Amino acid sequence: MPIYGELSPVSGGDPIPLLKPRLMVGRRESCDVVLRFPNISSHHCLLTLDSGYWYIQDQNSTNGIKVNGTRCQRKRVDPGDKISIAKHTYTIEYSPMELGAVGPPPPDRSEYEMLRGTSIMERAGLVRKKDFDTDLPPEKSKKKEFRYDILDDSEGQLKRARQESDDDEEIG
């Protein structure tokens, strides 16, 4: 039987072999990976292998999942990442190339999730960009290009922007 990788408990213990490309993790005996802890849900999360990479997806569990300390709903897990299932942390070990990965890793999120995470205005490119780079103090940052803000009903919006731009050039 092929082994697709393993989960090694960070706190010590025997590694858990990943024996199938789709594994249900939970407290129930019917799960592929059984974790007998009271804070693990009966069907806690799903591990799936896709294009040589493992993905973890929460199954509406009570205590959730984390990848490298960040709570998530679904995420690609790379070799060496730390997966927390409730309060139990494991390191995932596998070789993407041996599992059929070709080229750069696929994106973490599905197209649907990427769209769900942005507003319609952002997807249409109609959100006004911030005036200054946030990494630099205001006196050292560059003024970004002005975009017409359709949410601003005030008169003379473009005229004010040009004036501010001219004033900045005179000062600099």
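As a starting point, this report considers the structure included with it. These figures come from a predicted structure and were not determined experimentally.

Regular strands place their side chains on alternate faces of the sheet. Here 4 bridges tie strand E1 (residues 6-9) to strand E11 (residues 88-93), and the two strands are oriented antiparallel to one another. Residue pairing for E11: Leu7 is matched across the bridge by Ile92. Relative to E11, strand E10 (residues 82-85) runs antiparallel, the two sharing 4 bridges. For Ile83, the partnering residue across the bridge sits in E11 and is Tyr90. From the end of E10 to the start of E11, which pair antiparallel, there are 2 residues, and Ala86 there has a positive phi angle of about 60 degrees.

Core analysis: the biggest nonpolar cluster contains 25 residues, and Leu7, Leu35, Leu47, Trp54, Ile56, Ile85 and Ile92 have the highest contact counts within it. Those elements that place two or more of their residues in this core are strand E3 (22-26), strand E5 (45-50), strand E6 (53-58), strand E7 (65-67), E10 and E11. With residues near it in sequence (within four places) discarded, Ile92 still touches Glu6, Leu7, Leu18, Trp54, Val77, Asp78, Pro79, Gly80, Asp81 and Ile83.

Notably, Asn60 is not glycine yet its phi reads approximately 60 degrees, a positive angle. In this fold, Asn60 is placed in the loop between E6 and E7. You will see that Ala86, though not glycine, has its phi angle at about 60 degrees, which is positive. Looking at the secondary structure, you find Ala86 in the loop between E10 and E11.

What the rule picks out here adds up to 0 aromatic pairs. We note Arg76 situated over the ring of Tyr53; from NZ or CZ to the ring centre the distance is 5.8 Å.

What follows concerns the pattern of salt bridges. All told, the structure shown has 3 salt bridges when counted by the stated rule. Taking the shortest distance from any N to any O, the salt bridge between Lys20 and Asp32 comes out at 2.7 Å. Of this pair, Lys20 sits in the loop between strand E2 (16-17) and E3 while Asp32 sits in the loop between E3 and strand E4 (33-34), and the two are 12 residues apart along the sequence.

Each value, and the rule that gives it
- Residues numbered from 1 in each chain as written.
- Predicted model: local features only at pLDDT ≥ 70, side-chain atom pairs only at ≥ 80, totals over all residues.
- Heavy atoms only, no water.
- Pairing = 2+ DSSP bridges.
- Helix = DSSP H or I, 4+ residues; strand = E, 2+ residues; numbered from the N terminus.
- Core = buried A, V, L, I, M, F, W, Y, C linked by side-chain atoms within 4.5 Å.
- Buried < 20%, exposed > 50% of the residue type's maximum accessible area, 1.4 Å probe, protein only.
- Contact = heavy atoms within 4.5 Å.
- Phe/Tyr/Trp six-rings, centres within 6.5 Å; stacked < 30°, edge-to-face > 60°.
- Lys NZ or Arg CZ within 6 Å of the ring centre and 35° of its normal.
- Salt bridge = Lys/Arg side-chain N within 4 Å of Asp/Glu carboxyl O.

Functional significance is not addressed by these values, which are geometric in nature.
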